[in-house]
Amino acid sequence: MSLKTDIAEAIIAGVSAAQAKGSLPAGELPPIVVDRPQSEDNGDFATNLPLRLARAFRLEPFEIAQRIAESIPTSTFIERVWAAKPGFVNFALNEAWLTGQVEAILQAKDSYGNSQVGAGRKVQVEFVSVNPTGPIHVGHTRGAVLGSTLASVLSAAGYDVTREYYVNDHGTQMELFYRSVYVRYLQAQGQDVELPAQGYKGDYITELAKLIQQEEGDRFLNMPEDEAVTDIGEIGLDKMLTNIGADLEQVGVTFDVWYKEHDLFDGGRYGEAMGLIAKNGYVSDREGARWFTSTSLGEDKDNVLVRSSGQPTYFASDVAYHLDKFAYRGFDHVIDIWGADHQGHVSRMKAVLQALGIDPNRLTVMISQMVTLRRGDEQLKISKRSGDLITLRDLVEDVGADACRYFFLSRSPESQMEFDLDLAKEQSSNNPVYYVQYGHARIASISRLAAERGIDYVDGDVSVLKHPAELALIRKMIQLPGLVESMAEDLEPHHLARYSLDLASAFHWFYQQCRVVSSEPSDLPMTKARLRLVDAARIVLARSLSLMGMAAPEQM
RNA sequence: GCGCUUGUAGCUCAGUGGAUAGAGCGCAGCCCUGCGGAGGCUGAGGCCGUGGGUUCGAGUCCCACCAAGCGCACCA
């Protein structure tokens, strides 16, 4: 499957062989850990197994390492096995095998890096899910980039992925939104009316109302107020969702499903969920309201499902929504990506699953931490209801979609981050984003030159590639499949940012060291081989960029 | 007060319990008579928040403390 697995198998075989001939004592092995040494002096892979066996075997770790190393035969892909200092066994890859990987990559094309570890299991990634009462701002954008990249990675790893946006189109905030649009509409008609106290004050509501007035005229003035509020509100909601979708598309984020909260009620899911949670004994009625008795599951407090007014809370919808995900739509695993302001709800959601009889381990809630904005020395805070907000749209206009995605992806989601808009702009020619993309443009440029000169290199023989820079580039390229697997396993797509930087760096170094297209006739075999290498590098770099949702430009 | 997250180079941040802690930016130097210099190479710069503990081994795991962010509604 992966190289590490192959090496782990070789290690197990080596230990067994050593045990069989009596150079190592019998005994169970711990799980084999194969990792990549940071110094290349220590080979391509290493295991710490001897250190872990020292106690059980009552031998010096280095002694064990030597005995294991001498029992592992070289193979088509392992060039050399040796014992090292405290108690490692190191492995160096066979160079002929390495250069052969260039052909493997060329053959795999765009599917290089794909894996089957997901085995087609159904996974849902639900992300963004911003209330459609306002535009997407910078904090949401972080979650959007994280979610879309994670979905791409999971898909590459062989999962059956559904990308979903949950639309809160129900409840008190929605009513406030409806009424706010209605009031702005009346104002646009010249009427002197006030926004409700908690109404949405943003300019976008005013503009929305004006647009509705232009498209629909004054027809809402002649109907009962309740009806007018509902009709205008629905039109407004629709326009908001359209805008949200368009904004997200600007940064390369799309969804398979836009799931409306309203449908939970219309489709009966809400009733079924409430029935099930009550049947399982986690509901009590008191103080005129209906409560989820989460304290019996170890939570700090109980939570209201149905208010004394008879209105369900958003939390009740969430219960129904998650029942729907697991019980009706059959997701093996669900990943919810929430903002930091919702992290207090994670354990409560897990408790809900327990109450519904669903294994809580099937849900992973990822928290995307706060983003603070800075313009030079000025700290900016984002408040949704104030007029002053930095939206996704502003951000993309400022720094561009690719820089925006890369910037978010180069940090792990659980650490708070600072986004300096000035810096992101200033740096633009000298930014890691451009460094990576320039690598791709350079490759494209080499290909253009080869085409101009009419060089046909389908028969290039990659076995002539021996230069350290060539081999270093190949070593970096073949890390992608393992990276995809580990990112899918750990749900950590942000490693792509560093990987793509390292890959680009390996390419730039190769480019500096090795002339690709040579005019000397005697260099033709090397030219052909390097052109094949360059094509393969392009495949891997383009794939890395595409997983990150970034463009792979032909020229810049 | 309780809970979650975060404290690593001047700045922004990586770092699957292992072998000399990394990158980008910034700073100081160097490299083009051939494929795009948006490039390559070298250097300075670190009690990994503090103190304990577990381990053969801790930036990484556990505990306490300090600091920052976010939560702790019959709002979402």
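Bear in mind that the values here come from a model prediction, so they are computed numbers and not experimental data. (Residues numbered from 1 in each chain as written. Chains lettered and ligands numbered in written order. Predicted model: local features only at pLDDT ≥ 70, side-chain atom pairs only at ≥ 80, totals over all residues. Heavy atoms only, no water.)

### Looking at the protein's contact with RNA strand B
Taken together, 68 residues lie around RNA strand B, and Arg55, Arg307, Arg411, Tyr438 and Arg442 are the ones closest in. Those atoms of RNA strand B that come within 4 Å of the protein belong to sugar or phosphate at a rate of 66%. Measuring from a sugar or linking oxygen of RNA strand B, one finds a backbone N or O atom of Glu414 at 2.5 Å. In this structure, Ser445 approaches RNA strand B through a side-chain N or O atom, which is 2.8 Å from a phosphate oxygen. Counting only elements with at least two residues in the surface near RNA strand B, the list comes to helix H2 (49–57), strand S4 (88–93), helix H6 (172–188), strand S15 (417–420), helix H16 (432–452) and helix H19 (495–513). With eight residues, H16 is the single largest residue contributor to the surface near RNA strand B. (Near = heavy atom within 4 Å. Polar contact = N/O pair within 3.5 Å; in protein donor to acceptor, adjacent residues only side chain to side chain. Helix = DSSP H or I, 4+ residues; strand = E, 2+ residues; numbered from the N terminus.)

### Side note on the pattern of salt bridges
Following the criterion strictly, the structure yields 21 salt bridges and no others. The salt bridge involving Glu215 is made with Lys239; its shortest N-O contact spans 2.9 Å. Separated by 24 residues along the polypeptide, Glu215 in helix H7 (residues 203–216) and Lys239 in helix H8 (residues 225–250) bring together distant segments of the chain. Among the residues examined, Lys239 registers a relative accessible area of 17% and is labelled buried. In this structure, Glu470 engages Arg530 in a salt bridge whose closest nitrogen and oxygen atoms are separated by 2.5 Å. (Salt bridge = Lys/Arg side-chain N within 4 Å of Asp/Glu carboxyl O. Buried < 20%, exposed > 50% of the residue type's maximum accessible area, 1.4 Å probe, protein only.)

### Describing the environment of Gly139
You can see Gly139 is positioned in helix H5 (residues 138–156). Here Gly139 falls in the partly exposed class, since its relative accessible area comes to 22%. Beyond its immediate chain neighbours, meaning those up to four positions away, Gly139 contacts Ser368 and Val371. (Contact = heavy atoms within 4.5 Å.)

### Let's talk about the pairing of strand S11 (residues 333–339)
Within S11, five of the seven residues are buried, which leaves it mostly tucked inside the rest of the structure. Two elements, strand S5 (residues 122–126) and S11, share four bridges in a ladder whose sense is parallel. Among the inter-strand pairings, Val123 is bridged to a residue of S11, identified as His333. Relative to strand S12 (residues 363–368), S11 runs parallel, the two sharing six bridges. Residue Trp338 lies in a different strand from S12, and its bridge partner there is Ile367. With helix H12 (residues 346–355) bridging S11 and the parallel S12, this β-α-β connection has right-handed handedness. (Pairing = 2+ DSSP bridges. Right-handed = clockwise from strand over helix to strand, strands pointing away.)

### Structural notes on the environment of Pro132
Note on placement: Pro132 falls in the loop between S5 and H5. Note on Pro132: relative accessible area 0%, which makes it buried. Sequence separation between Pro132 and Val167 is 35 residues; the distance between their C-alpha atoms is 6.9 Å. Once you skip the residues sitting within four places of it in the chain, Pro132 turns out to touch Val167, Asn168, Met174, Phe177, Leu237, Met240, Leu241 and Ile244.

### Quick look at the packing of helix H13 (residues 392–399) against helix H14 (residues 401–409)
Put simply, H13 and H14 touch, their axes get as near as 7 Å, and they point 105 degrees apart. As judged from the angle between their axes, H13 and H14 are roughly perpendicular. Between H13 and H14, the residues in contact are Leu395, Val396 and Val399 and Ala401, Ala403, Cys404 and Phe408, respectively. Taken together, the residues of the contact of H13 with H14 sort by class into seven nonpolar, no polar and no charged. (Axes fitted to C-alpha atoms, helices over the stretch in contact; angles between N-to-C directions. Parallel < 35°, antiparallel > 145°, perpendicular 65-115°, else oblique. Nonpolar A, V, L, I, M, F, W, Y, C, P; charged D, E, K, R; others polar.)

### Some words on the domain arrangement of chain A
One can read the domain layout of chain A as domain 1 (3–93), domain 2 (127–257 + 369–425), domain 3 (267–329 + 341–362) and domain 4 (430–547). Distance from the C-alpha centre of domain 2 to the C-alpha centre of domain 3: 27 Å. Between domain 2 and domain 3, the contact holds five residues from the first and six residues from the second. Interface area for domain 2 against domain 3, summed over the two sides, is near 600 Å², with a carbon-plus-sulfur share of 41%. The largest share of the area that domain 2 buries against domain 3 comes from Glu164, Tyr166 and His170, three residues that together contribute 63% of it. For the pair domain 2 and domain 3, the number of links is one salt bridge. With a closest N to O distance of 2.5 Å, Arg329 and Glu164 form a salt bridge. The interface formed by domain 2 and domain 3 holds three residue pairs in polar contact (both at pLDDT 80 or more) in total. In terms of residue class, the side of domain 2 that touches domain 3 is built from two nonpolar, two polar and one charged. (Domains from an automatic or database assignment. Buried area = accessible area lost by both parts, 1.4 Å probe.)

### Examining the environment of Ser23
Within the secondary structure, Ser23 is located in the loop between helix H1 (3–20) and strand S1 (34–35). Assessed through its relative accessible area of 17%, Ser23 is described here as buried. With 45 residues separating them along the chain, Ser23 and Ile68 place their C-alpha atoms 8.9 Å apart. Setting aside residues up to four positions removed in sequence, Ser23 forms contacts with Ala18 and Arg67.

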